[in-house]
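Given next are the chains, with one letter for each unit.
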Amino acid sequence: MLNLTVNGIAHSIDVDASTPLLWVLRDDLGLVGTKFGCGKSFCGACTVHLNGKPVRSCSVPARSGVGQAITTIEGLASKNGTLHPLQEAWIEHDVPQCGYCQAGQIMSAAALLERNPVPSDADIDDAMQDNLCRCGTYVRIRKAIHSAAAKIANKGDQV
Amino acid sequence: MKINQPRIFANPASAHLVATSDATNTVCGQINRRTFLKIAGISGGGLVLGVCLGGPSRAVASASNILASDFAPNAFIQISPDGSIVIYSKGPEIGQGIKTAMPMIVAEELDADWSQVRVEQAPINTAVYGRQSAGGSRSIAMSWDQLRYAGAAARSMLLTAAAERWGVAASECTTRLSTVIHTGSGRRLKYGELAEDAAALPVPGETSVTLKQRKEYRLLGTRVGGVDNRAIVTGQALFGIDQVVPGMLYAVYEKCPATGGSVASANLDQIRALDGVRDAFVLAGNGLTTELMPGVAIVATSTWAAFAAKQQLRVSWDESDAATDSWSDAIAQATALATKPGKETLVEQGNVDDAFEHAAHTVEAFYTYPFVSHAPLEPQNCTAWYQDGAIEIWAPTQTPDSGIELVAHTLGIETDRITLHQLRAGGGFGRRLMNDYMCEAAAISRHVGAPVKLQWTREDDMAHDFYRPGGFHSLKAAVDSSGKLSGWQNHFITFSADGQIPTSRGDIPDGEFPAPLLANYRLTQTLLPWKTPTGPWRAPRSNALAFVEQSFLHELAIAAGRDHLEFLLEVMGEPRWLQPGDDRSLNTGRAAAVIKLAAEKSGWGRPLPAGRGRGLAFYFCHAGHFAEVAEVSVDPNKKLTVHRVTVAGDIGPIVNLSGAENQCEGAVIDGLSTMLGLEITLEQGRVQESNFGQYPILGIAATPHIDVHFIQSDFPPTGLGEPALPPLAPAVCNAIFAASGHRARTLPLSREGFRT
Ligand code: FES
Ligand code: FES
């Protein structure tokens, strides 16, 4: 049995622990928001957080998630359903085209904002370069990250 | 483990509709006659309205009789007494935004409060909906009238119901935000309150409903966010790959890496013994690349078990009939042919030789572009459940309608035994016009007698595509002593499977630029043998021809010592339709307008620092006129930076401005990505690239600033999935020349040593 805590919920899963985390999330836990794009760490569609750090879930064995806080796109909004500022910004800027890459984009961006609340364009380039969008929504991804960062900063000021 | 989204439709109505309509009277989607089809009042009251354009009243009458007591979701609009409004979007959503745009058109004419509208994907039923496919940027153009009438007819019925209840004339009433208002008294009734009464009214004929004028639009032309955005950013199940059905198994399918090879032997016993593997077997296939090619299927209890087993699979292929295509050989052959005349002459117009003889300048050039793959980010997949001679399919496809036909052919069953659910597709770009993965899933499900989800790996996807064909153009053209373009000759070297006609989308269509604009024009062609399948890739043909033609035109402007803008406008000439009477043909006036707009917005003619340059290109395709200006810089080490791209387009009225701008931004980035570094090479019939490591889709860092401008003309609207893409490559190549003096004639630019 593999014990994983995903989005704050503990699971005991009957699966080979060497299975990539991606497929345990999708096939065993039904968390299909995390996407399969390449299976080889090239595209970022499968990005989730391990203790807040972005990882490519297609390329880490599920066992490396044991004892860690795993967060997927389904767990990014707060428990009461309030969206993460990035999710709001993504809607506001109408970022998606096909939408397939966007969960991975948002997870990478969320990790970026955690460590760098006011990223420059160059910071965004660095953090997001390997999250491929085949539809080419990069202009809006950049805008949405800046706008979410501004929103978070404003909230911080008010506190 | 059933998922809520996408919905699984029981869809009992479709069989009735198909059954009551014979082949001649199910022609929906034609706009010569319009018949409104009221399908049924839904149980508990309410209005469900379907519209069939060109469908005869006999089919309509019998359909409504049969369906009077059914709940039938196969219609466009459903208004319930509680006020909820559902609009069904009939076409496949592949990222082009149609699931938002189509319902917007209905909602505009319905005067529905968009913030209260829920959009659902319609079931597949071409008898009711007409065309249900996504290709050729045709979705909006072919559904515009149908969707407007659907909304307007429902609005008219609601308005009549309110007028009758108030005992006033309908002409005294108006509608706004899902409400009927009596203008004199200010009385109001919400649509929900009228739904039951409206459902009992006759559906008005086409002549008795008035469509809005463009200036009356409140919703169309505004920026509206995608209807699935919230579900997308919260990771809800939407896509083909997310589909789950009870008892489902997971399948992979291994085909010969060289097209046409079959299975000689495979280590099936070893595979069957692996953990989680339920079965492994050979499918002989029917030899059709569009349906089912030979291969080995592995069926397992999870995706990973199937993927892991596939890595252990050892197949010995019989390649006696397989492709041996080689891209490096093709380049060598084409290069040798470049200086020779083409094997066949396709067009000979005017006197080209005479134009060359009297030219002030002639220019010769050899242009090359490679095969490319669609590579949608969601690899091909399909869920299929065959039982008792019938099959239910869940697929991310651009052509659900033809998918049904292909599955029927593959399995040897009737189409009425097939139920297909269209799911959101993680990109299309033309790849999902093909339904090979659907046929494979169907055959595998039938073989194992269980529901299966077939999942291709990225490597499968890259190895088994219908590629944009590569091509070679040996060009010669002339400008006369007045600096005018006076003659153009192209020896086109392309590929053919049968030695007779070019491979799919490897042809130059009739009337291609600049033939209709020039007296002296010659097109010759030589075919190289080729077996690997090719097919439509975003803006088929145009995506490559634009690069060649619009770059070469710039070469001629330079040779003539002319400003490119002025030269290009001169080539377009007087405002006219190139095919008079066809408002989907190139209009030189519309062309000139977008060319001028792009030039103006980009600062054309204004000085730039050394090492920077602007490039201009125009292209017309899919009824869309687009001009683009790129501003780039090139350093001495060929490091290329694309700073800015200005897009100017005329596709008629814009439905969703946000979606339209998004498509243009995406087309620019896709165009850039492809021209910079994407190339599918083959050796011994095998694609050499296997994943994004060797097929480097552009990342965010190289994204230029993109400005999009539309001329919203009153010409019929058309789609935007494609026409903004073709001008990008020549605009960038022309800018590279302006910046550096280097003429790029080979794509991808990585072949010429450029990097970003
Ligand atoms: S699927 Fe994991 S990086 Fe592409
Ligand atoms: S929106 Fe389609 S891949 Fe990013």
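Every value quoted in this text rests on a predicted model; they were computed, and no experiment measured them.

1. Brief notes about the overall build of chain B
Now for step 1: The secondary structure content of chain B amounts to 19 helices and 28 strands.
Now for step 2: Computed over the C-alpha atoms, the radius of gyration of chain B is 28 Å, within 12% of the 27 Å expected from 2.2 N^0.38 for a compact globule of 756 residues.
Now for step 3: Looking at chain B as a whole, 63% of its 756 residues qualify as buried.
Now for step 4: Taking the intrachain contacts of chain B between residues at least 6 apart in sequence as the baseline, contacts between residues at least 24 apart amount to 77%.
Now for step 5: Here chain B carries 63 positive and 76 negative side-chain charges, and the mean point of each set is 5 Å from the other.

2. Some words on unusual backbone geometry
Residue and element names in this part refer to chain B.
Now for step 1: Of note, the amide linkage connecting Phe 513 to Pro 514 takes the cis form, showing an omega dihedral of -5 degrees.
Now for step 2: Along the polypeptide, Pro 514 turns up in the loop between β21 (485–496) and β22 (521–529).
Now for step 3: Even without being a glycine, Ala 539 presents a positive backbone phi close to 60 degrees.
Now for step 4: Checked against the element boundaries, Ala 539 lands in the loop between β22 and α15 (542–559).

3. Description of the pairing of strand β3 (residues 47–50) of chain A
Residues and elements named next belong to chain A.
Now for step 1: Side chains of β3 alternate between two faces, with Thr 47 and His 49 and Val 48 and Leu 50 buried alike.
Now for step 2: As paired elements, β3 and strand β4 (residues 53–56) share four bridges and run antiparallel to each other. Bridged to Thr 47 within β4 is Arg 56.
Now for step 3: The antiparallel hairpin formed by β3 and β4 contains two residues in its connecting segment, where Asn 51 sits at a positive phi of about 50 degrees.
Now for step 4: Bridge count between β3 and strand β5 (residues 69–71): two bridges; the pairing is antiparallel. Counterpart to Leu 50 in the pairing with β5 is Ile 70.

4. So, the nonpolar core
Now for step 1: With 171 residues, the main nonpolar core has Trp 90 and Ile 145 of chain A together with Trp 488, Phe 618, Val 632, Met 675 and Leu 749 of chain B as its most contacted residues.
Now for step 2: Ranked by size, the runner-up nonpolar core spans 48 residues in total, among them Val 106, Trp 144, Ala 162 and Leu 220 of chain B.

5. Quick look at the side chain of Ser 445 of chain B
Residues and elements named next belong to chain B.
Now for step 1: Checked against the element boundaries, Ser 445 lands in helix α13 (residues 436–448).
Now for step 2: A polar contact is formed between the side chain of Ser 445 and the backbone oxygen of Ala 384, at a distance of 3.3 Å.
Now for step 3: Engagement of the side chain of Ser 445 in a polar contact is seen with the backbone nitrogen of Tyr 386, the distance being 2.9 Å.
Now for step 4: The residues contacting Ser 445, other than those within four sequence positions of it, are Ala 384, Trp 385, Tyr 386, Ala 450, Pro 451 and Val 452.

6. Description of the domain arrangement of chain A
Residue and element names in this part refer to chain A.
Now for step 1: Split by domain assignment, chain A resolves into domain 1 (2–75) and domain 2 (85–158).
Now for step 2: Once you take the C-alpha centre of each, domain 1 and domain 2 turn out to be 21 Å apart.
Now for step 3: Buried area between domain 1 and domain 2, both sides added, is near 1200 Å², and the carbon and sulfur share of it is 60%.
Now for step 4: The interface formed by domain 1 and domain 2 holds zero salt bridges in total.
Now for step 5: Our count for the contact surface shared by domain 1 and domain 2 stands at five residue pairs in polar contact (both at pLDDT 80 or more).
Now for step 6: Within the residue set of the side of domain 1 that touches domain 2, elements represented by two or more residues are β3 and β4.
Now for step 7: Partitioned by chemical class, the residues of the side of domain 1 that touches domain 2 number seven nonpolar, seven polar and two charged.

7. Section: the pattern of salt bridges
Pairs may arise between side chains of opposite charge once their charged atoms sit close together.
Residues and elements named next belong to chain B.
Now for step 1: This structure, assessed with the given rule, holds 42 salt bridges over all chains.
Now for step 2: For Arg 214, the salt bridge goes to Asp 714, with nearest N and O atoms at 2.7 Å. Of this pair, Arg 214 sits in the loop between α6 (191–199) and α7 (229–233) while Asp 714 sits in the loop between β28 (705–710) and α19 (728–740); the two residues are 500 residues apart in sequence, bridging distant segments of the chain.
Now for step 3: Note that Arg 614 and Glu 631 form a salt bridge whose closest N and O atoms lie 3.8 Å from each other. With a gap of 17 residues between them, Arg 614 in strand β23 (residues 612–621) and Glu 631 in strand β24 (residues 624–634) connect regions that are remote in the sequence. With respect to class, Arg 614 is no different from Glu 631; both count as buried.
Now for step 4: Sharing partners across several salt bridges, the network here consists of Glu 108, Asp 111, Arg 155, Lys 212 and Arg 218.

8. Overview of helix α2 (residues 85–92) of chain A
One turn of the α-helix equals 3.6 residues, which is why residues spaced by three or four share an orientation.
Now for step 1: Those residues of α2 of chain A that sit buried are Pro 85, Leu 86, Gln 87, Ala 89 and Trp 90 of chain A.
Now for step 2: Backbone geometry just after α2 of chain A places Asp 94 of chain A at a positive phi near 45 degrees.

9. Notes on the environment of Gln 579 of chain B
Now for step 1: With respect to the secondary-structure elements, Gln 579 of chain B resides in the loop between α16 (564–572) and α17 (588–602).
Now for step 2: Residues Gln 579 of chain B and Ala 195 of chain B, spaced 384 residues apart in sequence, show a C-alpha to C-alpha distance of 47 Å.

10. Focus on the sheet that holds β23 of chain B
Sheet strands line up and pair through hydrogen bonds in the backbone, either parallel or antiparallel.
Residues and elements named next belong to chain B.
Now for step 1: With mixed pairing, the four strands of this open sheet are ordered in space as β23-β24-β25-β28. Strand pairing shows two members of the sheet lacking a second neighbour, β23 and β28, which therefore form its edges. Pairwise comparison of adjacent strand axes, ignoring direction, gives a mean angle of 15 degrees for this sheet.
Now for step 2: Here ten bridges tie β23 to β24, and the two strands are oriented antiparallel to one another. In the sheet register, Ala 617 faces β24, and the bridge partner there is Glu 628.
Now for step 3: On top of the sheet, α19 reaches β23, β24 and β25 (640–650); it is set at about 155 degrees to β23, its chief contact.

11. Structural notes on the packing of α15 of chain B against α16 of chain B
All names here are of chain B.
Now for step 1: Two elements in contact, α15 and α16, have axes separated by 9 Å at closest approach and are oriented at 110 degrees. The orientation of α15 relative to α16 falls into the category roughly perpendicular. The two elements α15 and α16 cross, and the hand of that crossing is right-handed. Here Gln 550, Leu 553, His 554, Leu 556 and Ala 557 of α15 lie close against α16, whose contacting residues are His 564, Phe 567, Leu 568 and Val 571.
Now for step 2: Tallied by class, the residues present in the contact of α15 with α16 amount to six nonpolar, three polar and no charged.

12. Let's talk about the interface of chain B and chain A
Now for step 1: Of the residues lining the interface, 59 residues belong to chain B; the matching set on chain A comes to 47 residues.
Now for step 2: Between chain B and chain A the total buried area reaches about 4300 Å² when both faces are included, carbon and sulfur atoms providing 60% of it.
Now for step 3: Taken as a group, Val 233, Leu 377 and Ile 700 of chain B account for 19% of the area that chain B buries against chain A, more than any other trio of residues on that side.
Now for step 4: With a shortest N-O distance of 3.0 Å, Arg 134 of chain A and Asp 670 of chain B are connected by a salt bridge.
Now for step 5: Counting across the interface, chain B meets chain A through 27 residue pairs in polar contact (both at pLDDT 80 or more).
Now for step 6: Where the side of chain B that touches chain A is concerned, the elements lending two or more residues are α7, α9 (303–312), α14 (458–463) and α18 (657–677) of chain B.
Now for step 7: For the side of chain B that touches chain A, the element with the highest residue contribution is α18 of chain B, accounting for nine residues.

13. A look at the packing of aromatic side chains
Now for step 1: Counted according to the given criterion, the structure contains 19 aromatic pairs over all chains.
Now for step 2: Both rings, one in Phe 36 of chain A and one in Phe 307 of chain B, keep their centres 5.5 Å apart while their planes meet at 55 degrees; by these two values the pair is tilted. A residue pair is termed interchain when its members come from two chains, as with Phe 36 of chain A in the loop between α1 (21–28) and β3 and Phe 307 of chain B in helix α9.
Now for step 3: For the ring pair Trp 327 of chain B and Phe 371 of chain B, a centre distance of 5.6 Å and an interplane angle of 80 degrees mean the geometry is edge-to-face. Here Phe 371 of chain B lies in the loop between β15 (361–369) and β16 (381–387) and Trp 327 of chain B lies in helix α10 (residues 327–337), a separation of 44 residues in the sequence.
Now for step 4: Members of the aromatic cluster, joined through ring pairs, are Trp 327, Phe 366, Phe 371, Phe 472, Phe 495 and Trp 530 of chain B.
Now for step 5: In this arrangement the basic side chain of Arg 134 of chain A is found over the ring face of Phe 429 of chain B, its NZ or CZ atom lying 3.8 Å from the centre.
Now for step 6: Here the basic side chain of Arg 446 of chain B rests over the ring of Tyr 386 of chain B, its NZ or CZ set 5.7 Å away from the ring centre.

Parameters and conventions
Residues numbered from 1 in each chain as written. Chains lettered and ligands numbered in written order. Predicted model: local features only at pLDDT ≥ 70, side-chain atom pairs only at ≥ 80, totals over all residues. Heavy atoms only, no water. Helix = DSSP H or I, 4+ residues; strand = E, 2+ residues; numbered from the N terminus. Rg over C-alpha atoms; globule rule 2.2 N^0.38 Å. Buried < 20%, exposed > 50% of the residue type's maximum accessible area, 1.4 Å probe, protein only. Contact = heavy atoms within 4.5 Å. Lys, Arg positive; Asp, Glu negative; His and termini not counted. Charge placed at Lys NZ, Arg CZ, Asp CG, Glu CD. Pairing = 2+ DSSP bridges. Core = buried A, V, L, I, M, F, W, Y, C linked by side-chain atoms within 4.5 Å. Polar contact = N/O pair within 3.5 Å; in protein donor to acceptor, adjacent residues only side chain to side chain. Domains from an automatic or database assignment. Buried area = accessible area lost by both parts, 1.4 Å probe. Salt bridge = Lys/Arg side-chain N within 4 Å of Asp/Glu carboxyl O. Nonpolar A, V, L, I, M, F, W, Y, C, P; charged D, E, K, R; others polar. Axes fitted to C-alpha atoms, helices over the stretch in contact; angles between N-to-C directions. Parallel < 35°, antiparallel > 145°, perpendicular 65-115°, else oblique. Left-handed = near helix turned anticlockwise from the far one by under 90°. Phe/Tyr/Trp six-rings, centres within 6.5 Å; stacked < 30°, edge-to-face > 60°. Lys NZ or Arg CZ within 6 Å of the ring centre and 35° of its normal.

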